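Summary of structural features
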Amino acid sequence: MSAPTTDVIGEYTQLWQDSPHAPRWVLWDTAGDVLVFDRDVNCPLYIDDEAIRGEVLRRMRAAGVPESAEYPGRPCS
């Protein structure tokens with residue numbers, strides 16, 4: 001398996017950049033799978049390429065993005 005290219009990873013940069021507001025993007029551990037969760041739209045962000053997904057998660061963790069097993073969104077109505 002080849003490493004993801006920098007230009008593809010660059011499309012996800014906003015997921016781990018600092019923000020002066022409450023974090024929009026968080027990592028949600030759903031008992032075996034870690035999802036990138038968008039708190040603004042209240043749903044997970046799907047990344048279909050495993051290599052890219054792994055690199056995105058690594059960079060988000062390195063940047064200190066919050067991670068929890070608790071549901072990170074607001075109640076669905």
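Everything quoted here is computed from the prediction, not taken from an experiment. (Residues numbered from 1 in each chain as written. Predicted model: local features only at pLDDT ≥ 70, side-chain atom pairs only at ≥ 80, totals over all residues. Heavy atoms only, no water.)

**Structural notes on the pairing of strand β1 (residues 25-29)**
Counting buried residues in β1 gives four out of five residues, a clear majority hidden from the surface. Where β1 meets strand β2 (residues 34-38), five bridges bridge the pair, whose relative direction is antiparallel. Opposite Leu27, over in β2, you have Val36 as the bridge partner. Where β1 hands over to β2, the hairpin turn is made up of four residues, of which Ala31 adopts a positive phi near 55°. Of the pairings in the sheet, the one linking β1 to strand β4 (residues 67-68) comprises two bridges and is parallel in character. Bridge pairing in β4 places Trp28 opposite Ser68. (Buried < 20%, exposed > 50% of the residue type's maximum accessible area, 1.4 Å probe, protein only. Helix = DSSP H or I, 4+ residues; strand = E, 2+ residues; numbered from the N terminus. Pairing = 2+ DSSP bridges.)

**Some details on the packing of aromatic side chains**
Two descriptors summarise a pair of aromatic rings, namely the distance from one centre to the other and the angle between the planes of the rings. The final tally for this structure, using the stated rule, is three aromatic pairs. Plain terms: the ring middles of Trp28 and Phe37 are 5.6 Å apart, the flat faces sit at 90° to each other, and that makes the pair edge-to-face. When its relative accessible area of 17% is taken as the criterion, Trp28 is described as buried. When its relative accessible area of 1% is taken as the criterion, Phe37 is described as buried. Arranged with centres 5.2 Å apart and planes meeting at 75°, the rings of Trp28 and Tyr71 form a pair that is edge-to-face. Here Trp28 is found in strand β1, whereas its partner Tyr71 is found in the segment after β4, with 43 residues between them in sequence. Taking the relative accessible area as the measure of exposure, Tyr71 reaches 37% and is therefore partly exposed. One aromatic cluster is present, built from ring pairs that chain together Trp28, Phe37 and Tyr71. (Phe/Tyr/Trp six-rings, centres within 6.5 Å; stacked < 30°, edge-to-face > 60°.)

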